[in-house]
Amino acid sequence: MREKLNLWSFFLSIICLVSYLTMPYWIEIYRLIHKISVPDAFNIVYILSLTTLILGIIGLTGKKNLKSVSRGIVTILITFSITGFLSFLMWIQQSFLF
């Protein structure tokens, strides 16, 4: 089960990375998301990356070979960097909001 969790968290981390890098170009989709739901598109990617980070950490505990360990580490590094950067951006946004 944890091996599958590691694999799914790796795929989710790739989805998080692609959605984070291409988010500024999705102006129309961003407007649609903003009309449908209250959270910002950055918050949606933040929650997805935080969930993927937790799943990656849980999936890292059931490793059996070097390939799955390296995939788990890459997953954790990708999602940790995205989560950290989005946390920093949200902190900056809240700090300078008057």
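Below is a summary of the structure that appears in this document.

The rules we used
- Throughout this document, residue positions are counted from 1 along each chain, in the order its sequence is written.
- Where totals are concerned, whole chains, interfaces and linings use all residues; where local detail is concerned, this predicted model gives features only for residues with pLDDT of at least 70, and gives and counts side-chain atom pairs only at 80 or more.
- Water and hydrogen atoms were dropped before computing side-chain values, which therefore reflect all heavy atoms in the structure.
- For the purposes of this entry, the term helix denotes a DSSP run of H or I that reaches at least four residues, the term strand denotes a run of E that reaches at least two, and both are numbered from the N terminus.
- Categorising residues by exposure relies on relative accessible area from a 1.4 Å probe, with only protein chains included: less than 20% of the type maximum marks a residue as buried, more than 50% marks it as exposed, and the intermediate range marks it as partly exposed.
- In what follows, a contact means two residues having at least one pair of non-hydrogen atoms within 4.5 Å.
- Throughout, the Shrake-Rupley method with a 1.4 Å probe supplies accessible areas, and for residues the shown protein chains are the sole cover considered.
- Take the buried residues of types Ala, Val, Leu, Ile, Met, Phe, Trp, Tyr and Cys, join any two whose side-chain atoms come within 4.5 Å, and each joined set is a nonpolar core.
- For Phe, Tyr and Trp, rings pair up if their centres lie within 6.5 Å, where Trp contributes its six-membered ring, and each pair is then called stacked (planes under 30 degrees apart), edge-to-face (over 60) or tilted (otherwise).
- Note that patches include only residues with greater than 30% relative accessible area and no salt bridge, and the join distances are 9 Å for like charges and 5 Å for nonpolar side chains (Val, Leu, Ile, Met, Phe, Trp, Tyr).
- For salt bridges, the criterion is a side-chain nitrogen of Lys or Arg within 4 Å of an Asp or Glu carboxyl oxygen.
- Multiplying 1.5 Å by the helix residue count minus one yields the expected span of that helix.

Broken down by element type, the chain carries four helices and zero strands. Listing the helices and strands of the chain from first to last along the sequence gives α-α-α-α. Going through the 98 residues of the chain one by one, you find that 29% of them count as buried. Of the contacts made within the chain by residues no fewer than 6 positions apart, 76% connect residues no fewer than 24 positions apart. For the chain, the accessible surface area stands at approximately 6,900 Å², while carbon and sulfur atoms represent 77% of it.

Before going further, it helps to spend a moment on the nonpolar core. By size, the foremost hydrophobic cluster in this structure holds seven residues: Cys16, Tyr20, Met23, Val45, Ile78, Ile82 and Leu86. When residues of this core are traced back to their parent elements, those giving at least two are helix H1 (2-22) and helix H4 (66-95). Per-element accounting of this core gives the leading share, three residues, to H4. If we ignore the near neighbours within four places in the chain, the residues touching Ile78 are Ser13, Ile14 and Leu17.

Our next topic: the packing of aromatic side chains. Taken as a whole, this structure holds three aromatic pairs when the rule is applied. On the numbers, 6.2 Å between centres and 55° between planes, the contact of Phe10 with Phe11 is tilted. Judged by its relative accessible area of 42%, Phe11 is partly exposed. Both rings, one in Phe88 and one in Trp91, keep their centres 6.1 Å apart while their planes meet at 35°; by these two values the pair is tilted.

A cluster of nonpolar side chains, Phe42, Phe85, Phe88, Leu89 and Trp91, forms an exposed patch at the surface whose accessible area comes to about 500 Å². The leading source of residues in the nonpolar patch is H4, at four residues. Counting through the fold element by element, Trp91 comes out in helix H4.

A few words now on H4. Compared with an ideal rise of 1.5 Å per residue, which puts 30 residues at 44 Å, H4 spans 43 Å between its outermost C-alpha atoms and is within 8% of the ideal. What H4 keeps buried is the set Ser68, Arg71, Gly72, Thr75, Ile76, Ile78, Thr79, Ile82, Thr83 and Leu86.

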